[in-house]
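# Results of the structural survey
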Amino acid sequence: MGESGGGKTTVTRLLGRMYELNSGCILVDGVDIRQLPRHELRSRMAVVPQEPFIFAGTVAFNISLGDERAAARVRQAAAVVGAHRFIEQLPQGYDTRLAERGGNLSLGERQLLSFARAVAFDPELLMLDEATASVDSESERLIQEGVQRLLQGRTALVIAHRLSTVRDADRIVVIRQGRVVEEGRHEELLAQGEEYARLYCLQFDCGGGAVK
Ligand SMILES: Nc1ncnc2c1ncn2[C@@H]1O[C@H](COP(=O)(O)OP(=O)(O)OP(=O)(O)O)[C@@H](O)[C@H]1O
Ligand SMILES: [Mg+2]
């Protein structure tokens, strides 16, 4: 987590080798990512981007992207993240054609599709770049439930704007101007009373004074 423009999305791009590092290295399970062929590296991770991307094509295609193994998991993946219900209500269900950019879906629905896509690929490492755009409270609830189920049982790197999403994380990293400025678990960072505590209290109204 951290301020806008701090470098959070950049971390996901570096992990997928969209950009190469100028210095330092990134290890995944102890292996330098530069030693892995790009296609292998990318087949092990999935990114749920900040802005969900919808292709012109059916709902099912938008979940599987034409990948055979993912295609076999389309319905199951949609059910896991809670997208199944709204898809069933579309005129042709999973065969409903979507316009490019998904104009015929709400933002919350587009996000659930994007979650389902990630689950269908069943990656070892999931990167979720949480959207900043505000949605109505019903979509918000759907998304929150979807996120929890998306993350279950896998290694995840979550870029969170809603701090409720990261409260239970094993490790929370606060980034500012391209640097790590705080790192620890929720309770530790709250007790530290710095950036994380300040942002957390802005969102959850801890009351004045001590932030525990
Ligand atoms: N392709 C690029 N080339 C050069 N600079 C970039 C590129 N992409 C992003 N930046 C810059 O790098 C910095 C970090 O951007 P990044 O998108 O990682 O921020 P962020 O923490 O994800 O912000 P937000 O919370 O708004 O999504 C910003 O100053 C941004 O303008
Ligand atoms: Mg970003």
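What counts and what doesn't
- Residues numbered from 1 in each chain as written.
- Chains lettered and ligands numbered in written order.
- Predicted model: local features only at pLDDT ≥ 70, side-chain atom pairs only at ≥ 80, totals over all residues.
- Near = placed C-beta within 6 Å.
- Nonpolar A, V, L, I, M, F, W, Y, C, P; charged D, E, K, R; others polar.
- pLDDT = per-residue confidence, 0-100.
- Helix = DSSP H or I, 4+ residues; strand = E, 2+ residues; numbered from the N terminus.
- Contact = placed C-beta atoms within 7 Å.
- Pairing = 2+ DSSP bridges.
- Axes fitted to C-alpha atoms, helices over the stretch in contact; angles between N-to-C directions.

## So, the site of ligand 1
Taken together, the neighbourhood of ligand 1 is formed by S4, G5, G6, G7, K8, T9, T10 and Q50. Here the residues of the shell around ligand 1 sort into no nonpolar, seven polar and one charged.

## Quick word on the confidence of the model for the protein
Here the protein averages 89 in pLDDT, and 97% of its residues register 70 or above. Per-element confidence in the protein is highest for helix α3 (residues 59-64), whose mean pLDDT is 97, and lowest for helix α8 (residues 137-151), whose mean pLDDT is 79.

## Considerations on the environment of F115
Mapping F115 onto the fold places it in helix α7 (residues 107-120). Along the backbone, F115 and I63 are 52 residues apart, and their C-alpha atoms lie at a distance of 8.7 Å. If near-sequence neighbours (up to four positions away) are discounted, F115 is found in contact with V48, V81, A83, G146 and L150.

## Some remarks on the sheet that holds strand β7 (residues 155-159)
In a beta sheet, neighbouring strands pair by backbone hydrogen bonds and run either parallel or antiparallel. What the three strands build is an open sheet, ordered β3-β6-β7; its pairing is parallel. Pairing within the sheet leaves two strands with one partner each, and these edge strands are β3 (45-48) and β7. For this sheet, the mean inter-axis angle between neighbouring strands, taken without regard to orientation, is 15°. Sheet topology note: the strand β6 (residues 125-129)/β7 ladder contains five bridges and is parallel.

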